[in-house]
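# Structure assessment
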Amino acid sequence: MSAPPPASAIDAQTLAHLQGWVGRTETLDDAVTPVPIRALSATLDLPSSDVPTGALPPLWHWLYFLPLHRQGELGADGHARLGGFLPPVPLPRRMWAGGRLQWEPGNPLLVGDAIRRLSRIESVRYKAGRSGDLLFVLVRHEIHNARGLSLTEEHDIVYRAMPQAGDPVAPPVAAEHDAPWQREIVPDPVLLFRYSALTFNGHRIHYDRRHVTEDEGYPGLVVHGPLIATLLVELVRRHAPQAFVRRFEFKAVRPTFDLNPFQVKARPSSDGGSVRLWAQDHEGWLTMQATATLA
């Protein structure tokens, strides 16, 4: 792990303080109710015949255990103010960088289940990036129902400074063009608003164009990383409906904006045991990469 440079916004004392959050835990209870499932199905434009009624599809657990912060607890960007379960990182940009998930065979989350999520801060790591401070927080979740463990998730969160004029920009990576499974997505503001509402995500970069362009410096509304990941898994559900997704891992590579359509693509392995997935923007640049392991 890099040591913070002298001019860093995160000095050694601050880093040590933030690392004091390692080991903190949180327990939340919820229930797999049907209305969020029907609402996400509508948001993804699924026909009524495809609305899940039994087992919860992969990644749809993000409809539950929502961050129910009081209005007075929110910061200017719509996120909860610093502190609480997550460490109070003094960097303004917070992003869902990726994750790794594993489902237990024989114990899916079912509509009607009472569920519990046990969360733990696993690590807090500092890195001096080319464009400034980066801080990575790893959170591990375990989701149980009455029958036991159903899902384990490792959630990668990255915090970073606001970009400055003259900061180096990482060169984009060209995505693979040919894919047997693919779909074009039009990320209009209504889609982004509905997904924000379903996940109770108040972050203004997804729905407030003035904030995202003037305060954050992005060219348009930012498409949610979890939404893109869900659309990738939906490719597997569409083309291999009988497959059981045992593992899924994904990594955000580049932001996607609402200004143009983007594509989600996938290529299954020759033995059918895994699927390589990716998302690309309208210019063909890679924005997310993922792998699904099937059983």
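Quick caveat: nothing in here was measured; it's all calculated off a predicted structure.

Bringing the packing of helix H3 (residues 189–198) against helix H5 (residues 225–239) into the picture now. Two elements in contact, H3 and H5, have axes whose closest approach is 10 Å; the angle formed by their N-to-C orientations is 100 degrees. When the axis of H3 is compared with that of H5, the two are roughly perpendicular. In contact with Leu191, Leu192 and Tyr195 of H3, H5 contributes Pro226, Leu227 and Thr230. For the contact of H3 with H5, the class distribution of residues is five nonpolar, one polar and no charged.

Within the largest apolar cluster, 52 residues are counted, with the highest numbers of intra-cluster contacts made by Phe248 and Leu277. Examining the composition of this core, we find that eight residues originate from one element, H5, more than from any other. Ignoring anything within four residues of it in the chain, the contact list for Phe248 reads Leu59, Gly99, Arg100, Leu101, Trp103, Ala229, Val233, Leu277, Ala290, Thr291 and Ala292.

With that settled, the discussion passes to the pattern of salt bridges. Within the structure shown, the criterion is met by 18 salt bridges. Across the pair Glu73 and Arg70 runs a salt bridge whose closest N-O atoms are separated by 3.7 Å. Among the salt bridges present, the one from Glu234 reaches Arg237, with a minimum N-O distance of 2.9 Å. Taken together, the residues Glu234 and Arg237, both in helix H5 and three residues apart, mark about one turn of the helix. Arg237 gets classed as partly exposed once you look at its relative accessible area, which sits at 27%. Each of Arg100, Glu154 and Asp156 takes part in salt bridges that share partners, so that together they form one network.

For the rest of this paragraph, the subject is the environment of His177. Within the fold, His177 resides in the loop between strand S5 (148–160) and strand S6 (181–185). The exposure class of His177 is exposed, given its relative accessible area of 55%. Sequence separation of His177 and Gly112 is 65 residues, and the distance between their C-alpha atoms is 41 Å.

For the rest of this paragraph, the subject is the side chain of Asp258. For Asp258, the location among the structural elements is in the loop between strand S7 (245–252) and strand S8 (262–268). With relative accessibility at 11%, the residue Asp258 sits in the buried group. If near-sequence neighbours (up to four positions away) are discounted, Asp258 is found in contact with Pro187, Pro189, Leu192, Arg209, Gly220, Leu221 and Val223.

With that settled, consider H5. The periodicity of an α-helix, 3.6 residues per turn, causes residues three or four places apart in sequence to face the same way. For H5, built from 15 residues, the straight-helix expectation of 21 Å at 1.5 Å per residue is met to within 8% by its first-to-last C-alpha distance of 22 Å. For H5, the buried fraction is high: 12 of the 15 residues fall into the buried class. Gly225, Pro226, Leu227, Ile228, Ala229, Thr230, Leu231, Leu232, Val233, Glu234, Leu235 and Val236 are the residues of H5 that are buried.

Another point: the side chain of Thr230. Considering the arrangement of structural elements, one finds Thr230 in helix H5. Owing to a relative accessible area of 1%, Thr230 belongs among the buried residues under this scheme. Looking at Thr230, its side chain comes within polar contact range of the main-chain oxygen of Pro226, at 2.8 Å. With sequence-adjacent residues up to four places away left out, Thr230 is seen in contact with Leu44, Leu59, Trp60, Trp62 and Tyr195.

What counts and how
Residues numbered from 1 in each chain as written. Predicted model: local features only at pLDDT ≥ 70, side-chain atom pairs only at ≥ 80, totals over all residues. Heavy atoms only, no water. Axes fitted to C-alpha atoms, helices over the stretch in contact; angles between N-to-C directions. Helix = DSSP H or I, 4+ residues; strand = E, 2+ residues; numbered from the N terminus. Parallel < 35°, antiparallel > 145°, perpendicular 65-115°, else oblique. Contact = heavy atoms within 4.5 Å. Nonpolar A, V, L, I, M, F, W, Y, C, P; charged D, E, K, R; others polar. Core = buried A, V, L, I, M, F, W, Y, C linked by side-chain atoms within 4.5 Å. Buried < 20%, exposed > 50% of the residue type's maximum accessible area, 1.4 Å probe, protein only. Salt bridge = Lys/Arg side-chain N within 4 Å of Asp/Glu carboxyl O. Expected span 1.5 Å × (residues − 1). Polar contact = N/O pair within 3.5 Å; in protein donor to acceptor, adjacent residues only side chain to side chain.

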